[in-house]
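The residues making up each chain are set out below.
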Amino acid sequence: MLKAPTTPEPAEVEIASLKTTGATQLTVEFNKAVDTNAAKFELKRGNTVVKIVDVDFNEAGTVAVIELENRFAAATYNLTVTGVSEKALTASVTTTQET
C-alpha cells in the first residue's frame, strides 16, 4: 500500500502572507502554528505606531486577524511580530484609503 507523501513541518515560523481584509482589519497567516499567548504585534505606518485594538487567532494558531482603531490611509504598513520565533518576523502591506 502506498502512503501519501507528507509535507515536512517548516523548521522556523515565518509570515506566509499579510493582507487587508477590511477597512480596519489585517489578516496575517503563518507557515505553522504559533504560541498565541506569546505573540506580540506592532504595526507602523512610516515611523508612526498604529493602534491595534484586538487580535483574534484561528483555533489552529496559524492565522491572526488584527483589528485596528482607525481606517487605513493610503500608505505602506509594516508589521512586526515577536514572541513566536527567535527573531522578529516582519511583513508589509500597501493599502489604499477606504472611503
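Throughout what follows, the structure given in this document is the object of discussion. (Residues numbered from 1 in each chain as written. Predicted model: local features only at pLDDT ≥ 70, side-chain atom pairs only at ≥ 80, totals over all residues. Heavy atoms only, no water.)

### Things to note about the sheet that holds strand β6 (residues 63-68)
Sheet strands associate in pairs through backbone hydrogen bonding, adopting either a parallel or an antiparallel arrangement.
Step number 1: Read across the sheet, four strands follow the order β1-β2-β6-β5 without closing on themselves; strand pairing throughout is antiparallel. Every other strand in the sheet has two partners, leaving β1 (15-22) and β5 (52-57) as the edge strands with one partner each. Strand-to-strand twist across the sheet, computed as the mean angle between neighbouring axes with direction ignored, equals 20°. (Pairing = 2+ DSSP bridges. Helix = DSSP H or I, 4+ residues; strand = E, 2+ residues; numbered from the N terminus. Axes fitted to C-alpha atoms, helices over the stretch in contact; angles between N-to-C directions.)

### Quick look at the environment of V34
Step number 1: By the element assignment, V34 lies in the loop between β2 (25-30) and β3 (40-45).
Step number 2: We classify V34 as buried; its relative accessible area is 11%.
Step number 3: For the pair V34 and E14, spaced 20 residues apart in sequence, the C-alpha to C-alpha distance is 9.7 Å.
Step number 4: Ignoring anything within four residues of it in the chain, the contact list for V34 reads V13, F57, G61 and V84. (Buried < 20%, exposed > 50% of the residue type's maximum accessible area, 1.4 Å probe, protein only. Contact = heavy atoms within 4.5 Å.)

### Some words on the sheet that holds β3
Step number 1: Taken together, four strands build an open sheet; the order of strands is β4-β3-β7-β8 and the sheet is antiparallel. Every interior strand has two partners, whereas the edge strands, β4 (48-50) and β8 (89-95), have only one. Pairs of neighbouring strands in the sheet enclose a mean axial angle of 30°, with direction left out of account.
Step number 2: In the sheet, strand β7 (residues 75-82) pairs with β8 via seven bridges, with the strands oriented antiparallel. Within the sheet, the bridge partner assigned to T76 lies in β8 and is T94.

### Describing the side chain of T27
Step number 1: Turning to its location among the elements, T27 is positioned in strand β2.
Step number 2: Accessibility expressed as a relative area gives 13% for T27, which makes it buried.
Step number 3: In terms of polar contacts, T27 uses its side chain to reach the side chain of T21, at 2.8 Å.
Step number 4: Leaving out residues up to four positions away in the same chain, T27 has contacts with S17, L18, K19, T21, V63, A64 and V65. (Polar contact = N/O pair within 3.5 Å; in protein donor to acceptor, adjacent residues only side chain to side chain.)

### Regarding the pattern of salt bridges
Step number 1: Throughout the structure, instances matching the rule amount to one salt bridge.
Step number 2: The salt bridge involving K51 is made with E69; its shortest N-O contact spans 3.7 Å. Taken together, the positions of K51 in the loop between β4 and β5 and E69 in the loop between β6 and β7 put the pair 18 residues apart, joining distant regions of the chain.
Step number 3: Among the residues examined, E69 registers a relative accessible area of 44% and is labelled partly exposed. (Salt bridge = Lys/Arg side-chain N within 4 Å of Asp/Glu carboxyl O.)

The quantities given are spatial measurements derived from coordinates; they are silent on function.
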